[in-house]
Amino acid sequence: MTKKIVLFRWIVVVGLAIACFSFFQFFYPFHLLHNEQMSFDLSVSSLLSYFHKPAMLACLLGDLVSSILISPAIASFVMTLIFVFEWVILIKIQKKFNIGECAILYALFPIVFEWILYSPLTNSIASTFSIILTLLLFWVYTKIKGRWSSFIAGFVMLPLIYWAAGGRLIAFSLMVLVYEAEHDKRRWIYWLVLLLSSYLFPILGMDLYGITQEEAYIYPFTMVKTMIPAMIIVFGLLGLQITAIKKIKLTVKSASFIILFLILMLVASIVGQKEYIRKKKTLPDITSLYETVNYGSLLFNGGEKG
């Protein structure tokens, strides 16, 4: 890795950290607390309750992290650490697809889309952990070299992902397909069965967890559009297989274009959240909110204490 790439990576890390902290500190200082519990119960019965639904580990981590968001600054700092970690994992995965120097910038796209979903209060910390856990398991999959070992690992990881991260099975299977196609592995039957299993496995979850069909496919998400970041990762990896895009050199021109596009996309989303901005203006000082009220009911009741 050249000195230029190392220097630019640090610039991107610092820029990402500043942008993330600023976004959650100044524009969206409520940090998903409308859906997350404010205190973490360590009792046995409470911990066992996480096994009653898919995405057990993602929800557990989400509630654990939400319990330490005791001030806007701390919450912004924690969210920044989470997203920088996700960015690092995305870069590692892109390297497995032989993405060129601009991988450090391409990895920002899913991050920004997640911020956009936080703006209208449709995302949660558990959702972000769900993405991270799926990416980590896929990264582990890319480390497996043996033909039969990867075959077995693919099917073993489906229930593991459903248990740990919830409705990310199809995203995982599509990443496997794109990854193996990139490395000239033509296992059509394996791909077909893996994709079919990803579609059918949540049906088993309906009976196992006693949930609806919609919940079985999107849990821990509350609506289908919160699955967009995972699909962006999948189709982004597919699009990056185009040689002309994959091999773009990291220059001032290319970096400026990508960063400007990301900024415009985020600004357009913020401007578009007029309803959120209207309700935010009716709220009292955010610091006092952390100490006195339930933020979710306050926000959704248009500023009246719930």
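Coordinates for the structure precede this section.
(A) Main features of the pattern of salt bridges. By the definition in use, this model includes one salt bridge. Across the pair arginine 187 and glutamate 180 runs a salt bridge, and its minimum N-O distance is 2.4 Å.

(B) Fine view of helix α10 (residues 188–209). Taking 1.5 Å of rise per residue, 22 residues should cover 32 Å, and α10 covers 32 Å from first to last C-alpha, within 8% of that figure. Buried residues along α10 sit against α7 (125–142), α8 (147–164), α9 (169–182) and α11 (213–218). Immediately beyond the C-terminal end of α10, within one or two residues, lies glycine 210, with a positive phi of roughly 65°.

(C) Layout of the nonpolar core. Counting residues in hydrophobic clusters, the biggest one holds 84 residues, and the most contacted among them are Trp87, Leu105, Trp115 and Phe138. Top element by residues in this core is helix α4 (residues 72–96). It accounts for eleven residues. With sequence-adjacent residues up to four places away left out, leucine 105 is seen in contact with Phe8, Val12, Leu250, Ala255, Ile258, Ile259 and Leu262.

(D) Broad picture of the environment of glutamate 215. Within the secondary structure layout, glutamate 215 lies in helix α11. On the basis of relative accessible area, glutamate 215 is assigned to the partly exposed category, the value being 31%.

(E) Here's a closer look at the side chain of glutamate 182. Within the secondary structure, glutamate 182 is located in helix α9. Engagement of the side chain of glutamate 182 in a polar contact is seen with the side chain of asparagine 98, the distance being 3.0 Å.

(F) Local environment of a nonpolar patch on the surface. A grouping of Val44, Leu48, Phe51, Leu160 and Trp163 is seen on the molecular surface, where their side chains present a nonpolar patch of about 470 Å² in accessible area. Elements with a contribution of two residues or more to the nonpolar patch: α2 (44–49) and α8. Note on placement: valine 44 falls in helix α2. Of the residues examined, valine 44 reaches a relative accessible area of 61% and is grouped as exposed.

(G) Spotlight on empty space enclosed by the protein. Per the stated rule, a full pass over the model turns up two cavities of 30 Å³ or more. Estimates place the volume of the largest cavity at around 50 Å³. In terms of lining, the largest cavity is formed by Ile131, Thr134, Leu135, Arg168, Ala171, Met175, Ala230, Ile233 and Val234. For the lining of the largest cavity, the secondary-structure elements that each account for two or more residues are α7, α9 and α12 (228–239).

Analysis parameters
- Residues numbered from 1 in each chain as written.
- Predicted model: local features only at pLDDT ≥ 70, side-chain atom pairs only at ≥ 80, totals over all residues.
- Heavy atoms only, no water.
- Salt bridge = Lys/Arg side-chain N within 4 Å of Asp/Glu carboxyl O.
- Helix = DSSP H or I, 4+ residues; strand = E, 2+ residues; numbered from the N terminus.
- Expected span 1.5 Å × (residues − 1).
- Contact = heavy atoms within 4.5 Å.
- Core = buried A, V, L, I, M, F, W, Y, C linked by side-chain atoms within 4.5 Å.
- Buried < 20%, exposed > 50% of the residue type's maximum accessible area, 1.4 Å probe, protein only.
- Polar contact = N/O pair within 3.5 Å; in protein donor to acceptor, adjacent residues only side chain to side chain.
- Patch = residues over 30% accessible without salt bridge, like charges linked within 9 Å, V, L, I, M, F, W, Y side chains within 5 Å.
- Areas by Shrake-Rupley, 256 points an atom, 1.4 Å probe, with all protein chains shown as cover.
- 1 Å grid on protein atoms, 1.4 Å probe; cavity = no way out; pocket = protein on both sides within 12 Å on 5 of 7 lines; lining within 4 Å.
- Points joined across faces, edges and corners; volume = space filled by probe spheres on them.

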